[in-house]
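Here are the chains, one letter per residue:
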Amino acid sequence: MTNSGVAALWVVRHGESTGNVARDRAERSGATTIDIDVRDADVPLSETGRRQAADLRRWLDQVPADRRPDAVLSSPYRRAVETAEIAAAGIEAGRILTDERLRDRELGVLDLLTSLGVAELHPDEAARKRRLGRLYHRPAGGESWSDVALRLRSVLADIDRRYPGRRLMVFTHEAVVLIIRYIVEDLSESQLVDLAASTMLPNTAVSVFERDASGLRATSFGRTPHLRPASADG
């Protein structure tokens, strides 16, 4: 990344969604499929997710004005937009701008499958993933992490052009947060894989990238200082 452009990038994973709840329930029960009856783009926040977003709003209100984000951008997926509308209401009172390049990774034939479902119903895909690795495995009809990185490189370049000197808050998805760090810090494949394996990104986790002479660098990553105990779980 260059040393000009957006001054700070605050990247937030969306609040807990009904899809997160359904996925966790399916994984715990040993099911092969996840019971979600809407397309991925239309999955809403759960009640816990709405509380998490409200906690984030209260915390942001306490951030000093010279450090607080002054612009907002979101994935167009409903769970991200709803998080932005609640959490960033004090920053962006009007319509939240969205960019489809910030959407979640597309899973293709593996969509709505648990880890057991992938192993049982698509063993060839599971074997391909083990052979190719997380960065390059592209499920049929879906995206690899490198595909996601390609679209994120373009959106980050546009952000630098459109928000020079600004502090931008982006609402998006777990894989996107990880890959943004991979891009802005020029991580290697092994560093990205290790980061994904070692880092838990809770719902509404905040990651802050600030610009210095060499470019954007993470000054905090995956933090949830805003969450109250009643909102942290679920």
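The paragraphs below set out a description of the structure included in this document. (Residues numbered from 1 in each chain as written. Predicted model: local features only at pLDDT ≥ 70, side-chain atom pairs only at ≥ 80, totals over all residues. Heavy atoms only, no water.)

A word on the pattern of salt bridges. Between side chains of opposite charge, a pair can form as their charged atoms come close. Scanning the entire structure with this criterion turns up 23 salt bridges. Here R23 makes a salt bridge to D24, at a shortest N to O gap of 3.0 Å. Judged by relative accessible area, which is 29%, D24 ranks as partly exposed. Because the salt bridges share partners, they merge into one network encompassing D99, R101, D158, R161 and R162. (Salt bridge = Lys/Arg side-chain N within 4 Å of Asp/Glu carboxyl O. Buried < 20%, exposed > 50% of the residue type's maximum accessible area, 1.4 Å probe, protein only.)

Residues A71 and L73 line one face of strand 2 (residues 71-74) and the alternating positions V72 and S74 line the opposite face, and both faces are buried. Alignment of strand 2 against strand 4 (residues 167-172), held across 4 bridges, turns out to be parallel. Considered in strand 4, the bridge of S74 is made with F171. Where strand 2 meets strand 3 (residues 97-98), 2 bridges bridge the pair, whose relative direction is parallel. Each residue of the ladder has a partner; that of L73, found in strand 3, is L97. Following the backbone out of strand 2, through helix 3 (residues 78-87) and into the adjacent parallel strand 3, one traces a crossover that is right-handed. (Helix = DSSP H or I, 4+ residues; strand = E, 2+ residues; numbered from the N terminus. Pairing = 2+ DSSP bridges. Right-handed = clockwise from strand over helix to strand, strands pointing away.)

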